Every structure is written in C-alpha cells, then in structure tokens.
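Each chain, written out:
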Amino acid sequence: MTDNKTIVRPYGDTTGDGMVQVSFTLPIPHDKKAEGAALQLAAKMGLEPAMLVHAKPMGGGFTFFVVYGSVRHLVELEKVQVVERDFPLLGAKEVNAVVKKRMRRKLVVVGACIGTDAHTVGIDAILNIKGYAGQKGLEYYRELRVVNLGAQVAVPELVERARAEKADAVLVSQVVTQKDAHLHNTKEMSAAFREAFPAAKRPLLVVGGPRFDELATGELGVDRIFGRGTTPAEVASYLVHALVEKKAVPAA
Ligand code: B12
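Residues numbered from 1 in each chain as written. Predicted model: local features only at pLDDT ≥ 70, side-chain atom pairs only at ≥ 80, totals over all residues. Heavy atoms only, no water.

**With respect to the site of the ligand**
Near the ligand lie 28 residues; those nearest to it are Ala118, His119, Ser173, Thr177 and Thr230. One of the backbone N or O atoms of threonine 116 is found 2.8 Å from a nitrogen atom in the ligand. Between the ligand and valine 121 there is a distance of 3.2 Å, counted from an oxygen atom to a backbone nitrogen or oxygen. The set of elements that each furnish at least two residues to the shell around the ligand consists of helix H3 (121–127) and strand S8 (169–173). At five residues, H3 tops the list of elements feeding residues into the shell around the ligand. Its residues placed into classes, the shell around the ligand shows 13 nonpolar, 13 polar and two charged. (Near = heavy atom within 4 Å. Polar contact = N/O pair within 3.5 Å; in protein donor to acceptor, adjacent residues only side chain to side chain. Helix = DSSP H or I, 4+ residues; strand = E, 2+ residues; numbered from the N terminus. Nonpolar A, V, L, I, M, F, W, Y, C, P; charged D, E, K, R; others polar.)

**A look at the domain arrangement of the chain**
The domain boundaries assigned to the chain delineate domain 1 (7–77) and domain 2 (92–245). For domain 1 and domain 2, the distance between their C-alpha centres works out to 38 Å. (Domains from an automatic or database assignment.)

**Some words on the packing of aromatic side chains**
Taken as a whole, this structure holds five aromatic pairs when the rule is applied. Judged by centre distance (5.8 Å) and plane angle (15°), the ring pair of phenylalanine 193 and phenylalanine 197 falls under stacked. Across the ring face of phenylalanine 197, the terminal group of arginine 163 is positioned such that the distance to the ring centre comes to 4.9 Å. Over the face of the ring belonging to phenylalanine 226 we find arginine 224, whose NZ or CZ atom lies 5.9 Å from the ring centre. (Phe/Tyr/Trp six-rings, centres within 6.5 Å; stacked < 30°, edge-to-face > 60°. Lys NZ or Arg CZ within 6 Å of the ring centre and 35° of its normal.)

**Thoughts on the pairing of S8**
With respect to burial, S8 is a largely interior element, five of its five residues being buried. In this structure, strand S6 (residues 107–113) lies alongside S8, joined through five bridges in parallel fashion. Along S8, the bridge assignment pairs alanine 112 with valine 172. One ladder, built from five bridges, connects S8 with strand S9 (residues 204–208); its direction is parallel. Its bridge partner lying in S9, valine 170 is registered against leucine 205. A crossover connection joins S8 to the parallel S9 through helix H5 (residues 181–196); in handedness this β-α-β unit is right-handed. (Buried < 20%, exposed > 50% of the residue type's maximum accessible area, 1.4 Å probe, protein only. Pairing = 2+ DSSP bridges. Right-handed = clockwise from strand over helix to strand, strands pointing away.)

**What to know about the coordination of the cobalt atom of the ligand**
Counting protein donors around the cobalt atom of the ligand gives one, His119 (NE2), at 2.2 Å. On the secondary structure map, histidine 119 appears in the loop between S6 and H3. (Donors = N, O, S within 2.8 Å, 3.2 Å for Na, K, Ca; no water.)

**A closer look at the pairing of S6**
Among the seven residues that make up S6, seven are buried, leaving the element largely enclosed by the rest of the structure. Residues Leu107, Val109, Gly111 and Cys113 of S6 are buried on one face, and the alternating residues Val108, Val110 and Ala112, pointing to the opposite face, are buried as well. Traced from S6 through H3 to strand S7 (residues 144–148), the parallel crossover comes out right-handed.

Here is the structure:
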C-alpha cells in the first residue's frame, strides 16, 4: 500500500514489485518459437520483464503456458465497485420465524440448472439439505418449500413449473460460460418470466454461478446475482429480505 492506502500494486518477491502470474494457451505446437511467442504476448499485455515458468503441449497443435512478470498498472481501491450484502444475515430459526409470522404460509422456491448446463453441484449446495460450507441447504428450512428441478431444464418448462408451484422465487444456476452461454440463458429466462407473468405476480429471479458479474442484474433482467462461495444462509436471508421485509406477500 502507498501513503493514503488507496493505491495498491501486486506483490510477488518484494512489496510493490507488481509481480503477477498468468496462464494461457496458444494454438501452436510446443517448441522454442512457441515459448518466444508466449513471452511476446506477455510483453504486449504489459508484463515487463516476464519469465516463462511453465510450458506444456496440449494435444498436437496447442501449448499451455504460465508466465510470471511485473505489471506497471496500479489498483485504485476507491474506484472498485462490488455488490455488498445489503441485508442482515439470518440463521435458519430467524428465517423460519419471519416467514411463518409474516407470510403465514411456506415460501416456495423453485431451482434449476437451465440450458444444456449439467453442473448441479452449485445449485445443490444451496438447496440440498446437506448444504455447503458447514451450513444446511434451503431444504432444511421448515418454512421453505423447495422444488429442485435439477439439470438441463428448458426455460418454458421452468416457467410452467414455477407457475404450477406458485413459486415466490426462482433460483437458476449457470456454470458453463463458453460463448457466454450463462448470459444468453439468463436473459432468455428473465425475458420469458416477464412475458409469462404480470410484473406484480412475477417470482423473484435469482441467478448464481462462479463467473457472473454481480453488478449485472439490470443487463440480465434478474433481481439478484450470487457468485463464487455463496452460502445457503446468504440466499435464505436475501429471500426473506426481498420477499417479506421489502414487500408484503399475499397469504395463499
Ligand atoms: C464437477 C464439474 C463437472 C461435473 C458436473 C457434475 C455435476 N453434477 O454438477 C461434470 C463431469 C459432469 C462436468 C461436465 C462438464 N464440464 Co465441468 N466442471 C466441474 C468442476 C470441476 C467443478 C464445478 C463444481 O462442482 N464446483 C463446486 C460448486 C459448489 O461451486 P459453484 O458451481 O461455483 O457453486 C457455488 C457458487 O457459484 C454459487 N452458485 C452456483 N449456482 C448457483 C445458483 C444460485 C441460485 C445461487 C444463489 C448460487 C449459486 O453457490 C455455490 C456454492 O457456493 C469445474 C471446474 C471448477 N473447479 O470449478 C468444471 C467446469 C465448470 N466444467 C467445464 C466444462 C467445459 C465441462 C464440460 C463442457 C466438459 C466436456 N467437454 O464435456 C462438461 C459440460 C457438461 C454440461 N452439459 O454442462 C469448465 C467450464 C468452462 C467454461 N468456460 O464454461 C470448467 C470450469 C472446467 C474447466 N476449467 O475447463 N463438469
């Protein structure tokens, strides 16, 4: 950190030396020239000087590289934008008590992995009773009714199931980001819910996965985005905050 502690540089061997390590693959076979090409790319990315620390052939015509070098860029902490938790973190007992008292019915959650995505570990971490990071999942909460549709659910099927279950919240997981599949699928999902429900009746739309930008709710048309390391308690607390504390939900 420098004087006013708002500017930082990466650290490697000595404080403020700017050292970073990056990895990438080039579509060329592994030889001396390929290693030179990796260093040229590193220099163009602003790593100066850069060292090649790892090169490994990947199939016939590709090479994977790791380079280590110093960047001149600085991080301005005052300009960093993140989504801070803006609701209190509640325990399961508190969540159940609020739902029971204020909704006087169970809060219904429908969850799924949509599109061709088969990565269910993330949504299961949030929903399954066995939970994640030492916390029980939403199925453990007595006042929540959880319908987990699993993997590769088509958007029309999700909309219909959400309607049939009278879902208060729809929780969608997207892990695969190839060709921005997570963004396209999420936009398709949020547009379909907006078309199928009048604004006042639309379920809360929550999407999660390790590579989302939590600031992108507006662009994706969802109410909240959760990223890497999300815990079930954070999600349960958010649902109570958004569905019970912020707006009055009609009893069934
Ligand atoms: C396990 C795994 C698989 C398993 C999945 C098993 C299953 N039932 O889920 C199998 C073997 C099936 C698999 C297949 C594939 N996989 Co895979 N897989 C992984 C791996 C190793 C771990 C993912 C995981 O389980 N993480 C643990 C969970 C707990 O973390 P999480 O998903 O981030 O979830 C947390 C948060 O993100 C958040 N969260 C997630 N979802 C939601 C939803 C909501 C509503 C909320 C609130 C929060 C939330 O909360 C969770 C808890 O904190 C990753 C690499 C990695 N290390 O991440 C690759 C990875 C995701 N897979 C990858 C790929 C490419 C594939 C395949 C295409 C491979 C292939 N060529 O066949 C296929 C695709 C299959 C398909 N149709 O989707 C790539 C994706 C690359 C990309 N850019 O998209 C990765 C990153 C590996 C890599 N480095 O290449 N995979």
